[in-house]
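Observations on the three-dimensional arrangement
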Amino acid sequence: MSNPASVSGAGNSRDANALASEKEARDVAESARESEWSGPSFVREMFLGRFRLDLVHPHPVEDPEEIERARPFMAKLEAFLEHIDSDMIDRTGEIPEEYVQRLREIGAFGIKIPTQYGGLGLSYTSYVKAMAMVTSKDGSLTALLSAHQSIGLPQPLKLFGNDEQKQKYFPRLAKGAISAFALTEVDAGSDPANMRTRAVPSDDGKHFILSGEKLWCTNGTRAELFLVMARTPDAVVKGKQRKQITAFIVEASWPGVEVVHRCRFMGLKAIENGVIRFTNVKVPRENILWGEGKGLKLALITLNTGRLTLPASVAGGCKALLEASRTWAQERVQWGAPIGKHEAVAQKVAMMAANTFAMEAIAELTVGLVERGNYDIRLEAAIAKMYNTEHAWRIVDDALQIRGGRGYETADSLRARGERPIPIERAMRDSRINLIFEGSSEIMRLFIAREAVDHHFKTAFALVDKESSKSEKAAAFGRVMKFYPAWYPARWLGKGQVPSAYGEFGELAGHIRFAERHTRKLGRAIFHAMVRLGPKLERRQLVLFRAVDIGAELFAMTAACVRAQMLAKQGNSRAITLAGLFCRAARGRVEHLFENFYGAYDGEMYKVAQQVMRGEHSWLETGIISLLDNEEDGANLAQTQTHVAAGIAG
Ligand SMILES: Cc1cc2nc3c(=O)[nH]c(=O)nc-3n(C[C@H](O)[C@H](O)[C@H](O)COP(=O)(O)OP(=O)(O)OC[C@H]3O[C@@H](n4cnc5c(N)ncnc54)[C@H](O)[C@@H]3O)c2cc1C
């Protein structure tokens, strides 16, 4: 299948230019895609209708030696966080240098960097636990530490750097030389094929001359080091020009590197994010990371594991929100009872606890699988990022609702009138971006869908594709006859139908059986969709997304049950209660998604959307002040003020 990252909807027609640029975007994304699987994957198997519980069960248990190794750092981090003023950070939009310095001193910029280079040498698990703790206190600090360590230079350097590069940069990074990941540009957001930043070899071939502008580069305004993705001269692949993207390590101090703007946002007020301009920057060839033309693949692989920080950190944030919400639900008395005794609030508190439990299960499991090794994590990581950030957003919303007016009020204002300054309002502003950066929710769904249908398309696509030749159809027929006669009937029978199956899960066994049965059903549904829609499936984002959402729910249910079973064995039977409730809710969602798999009005929505965009329903937009005039208003206001000032002066 070609890349569904460019799927744009049902029954649409586009002009030749749009189709050409879509094709180019697909080609670039496809060539950077990891086409081989480096190990097994529970989620990949699940989309093929195979429930491989053995791949995720038992839940990974943290190494006690690692816990001991991490303890001193975690204690210092906790002590630091307890004493910082996050409302001040939010209010001023700045992280004081003394805070950054303290973080350097305790090693917070080199958590995963090996000790031989001066880092703390801690595991990924310890790292994400630290980030969860930081997030529970301050999102801007998470952005600073995580942009440096999840996607900034240390991670790709560890994965792709040569010895020389590691010797040169790791010690600086471990001491707290802040780094930034520079991929996005004005026209290259989700679609990196549009990248304009270029690096051309110098005449002597020893350097590349880098020019261009990067947008929204987190840490960019404070960084010493950048990892910059830039277009290098095209390569010829199979007789065709192919765009090349290369990753460069760039020093902020080099001539031609310039911060041209610091961006400000609705939340994460102190994030050091900006527009970075590179003008004829001379980058030594040895500063290429991994290899020429491998930059986009490097960026995507870095993000594959880098995006595992967010699932854990948002789970940490949600734990803090849960504590604040349950306390308030008990303290606040309205209509003669604590608000948590009213059913509408009670259900929010219950689901907040159950969902937070599942989110933490997903985060622990995915990171644990990375550490266990011999596992291809990219689908699990994408689901974890998408699922946890979306659930976290709902949890923030519920926390705000439970706190009522106090949820909407700033911490400073609450403090000023003598109330406990719980910063739910800040949490809401800080967390919205999580659904956008490090792969937006839509792009995560496309990425997962691409892999979900990959096997079927590789096997059978040519058979239903009008453009394939007779010989391609014949080859596809051979593959189909080899795979489907055994695979398809087996998707109707399984352990989930046996009432006593998965008995070791006790009360949760029924949920695991449900997950097994519906995994097979999902495999069948994807296959049926391919038969029913053929090549059109590629453009039915909503159908593909429903398949992805079912997969995400089944993965989440499995993770929750597996973790609860592990905790119950350790004596914490309360985890069973939370996993049980989570699974009940998830089952309802799965059933609804299956019932609505083809979407009764997807086509109608698409048509109306095109009408709306063409302005055919602009009749609806009367009686308002247009937001689009905002810029003019600003200019007019400035002009009026100048006139008034001139009048006064005159
Ligand atoms: C605070 C902040 C920090 C950031 N930090 C960094 C950083 O450190 N380094 C860096 O390189 N970048 C960074 N980014 C950029 C971030 O990763 C991008 O915002 C993100 O990739 C989305 O790109 P975009 O905003 O241009 O959205 P677009 O790509 O313009 O997308 C707009 C909307 O359309 C959807 N969409 C796009 N294509 C499709 C499609 N084919 N099908 C369906 N839906 C689609 C998107 O999901 C989104 O909802 C940051 C951004 C912000 C705001």
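All figures in this text were calculated on a predicted structure; none of them were measured in a lab.

Taken together, Leu463, Val464, Phe477 and Met481 make up a surface patch of nonpolar side chains, about 340 Å² in accessible area. Where the nonpolar patch is concerned, the elements lending two or more residues are helix H18 (454–464) and helix H19 (470–490). Summarising the element assignment, Val464 is placed in helix H18. Taking relative accessible area as the criterion, Val464 reaches 34% and is therefore assigned partly exposed.

Further remarks concern the packing of helix H21 (residues 541–569) against helix H22 (residues 574–595). The contact between H21 and H22 brings their axes to 9 Å, and the two run at 165°. Between H21 and H22, the angle is such that the two are roughly antiparallel. Between H21 and H22 lies a crossing whose hand is left-handed. For the pair H21 and H22, contact is made by Arg546, Asp549, Ile550, Glu553, Leu554, Ala556, Met557, Ala560, Cys561, Ala564, Leu567 and Ala568 and by Ala575, Ile576, Ala579, Phe582, Cys583, Ala586, Arg587, Arg589, Val590, Leu593 and Phe594, respectively. The class makeup of the residues in the contact of H21 with H22 is 18 nonpolar, no polar and 5 charged.

Moving on to the state of the cysteines. One pass over the structure, following the stated rule, counts 0 disulfides. Of the cysteine sulfurs around Cys217, a residue in no disulfide, the closest is that of Cys263, at 9.6 Å. Among the residues examined, Cys217 registers a relative accessible area of 1% and is labelled buried. For the unlinked cysteine Cys318, the closest cysteine sulfur is that of Cys583, found at 18 Å.

With that settled, consider the environment of Glu30. Take Glu30: it is sitting in helix H1 (residues 16–32). You can call Glu30 partly exposed: its relative accessible area is 25%. Each C-alpha atom of the pair Glu30 and Ala108 lies 36 Å from the other, and the pair is 78 residues apart in sequence.

The next subject is the environment of Ile271. One can find Ile271 in the loop between strand E6 (257–262) and strand E7 (273–284). A sequence separation of 144 residues divides Ile271 from Tyr127, and the C-alpha atoms of the two residues are 20 Å apart. Excluding its chain neighbours within four sequence positions, the residues that come into contact with Ile271 are Ser140, Ala143, Thr218, Arg262 and Phe265.

It is worth spelling out unusual backbone geometry at this point. Each neighbour pair has its own omega, and for His57 with Pro58 the value is 5°, a cis peptide bond. In this fold, Pro58 is placed in the loop between helix H2 (42–47) and helix H3 (64–83). Its identity is not glycine, yet Tyr502 carries a phi of approximately 60°, on the positive side. Within the fold, Tyr502 resides in the loop between H19 and helix H20 (509–533).

Here is what the cut-offs are and how they apply
Residues numbered from 1 in each chain as written. Predicted model: local features only at pLDDT ≥ 70, side-chain atom pairs only at ≥ 80, totals over all residues. Heavy atoms only, no water. Patch = residues over 30% accessible without salt bridge, like charges linked within 9 Å, V, L, I, M, F, W, Y side chains within 5 Å. Areas by Shrake-Rupley, 256 points an atom, 1.4 Å probe, with all protein chains shown as cover. Salt bridge = Lys/Arg side-chain N within 4 Å of Asp/Glu carboxyl O. Helix = DSSP H or I, 4+ residues; strand = E, 2+ residues; numbered from the N terminus. Buried < 20%, exposed > 50% of the residue type's maximum accessible area, 1.4 Å probe, protein only. Axes fitted to C-alpha atoms, helices over the stretch in contact; angles between N-to-C directions. Parallel < 35°, antiparallel > 145°, perpendicular 65-115°, else oblique. Left-handed = near helix turned anticlockwise from the far one by under 90°. Contact = heavy atoms within 4.5 Å. Nonpolar A, V, L, I, M, F, W, Y, C, P; charged D, E, K, R; others polar. Disulfide = S-S within 2.5 Å.

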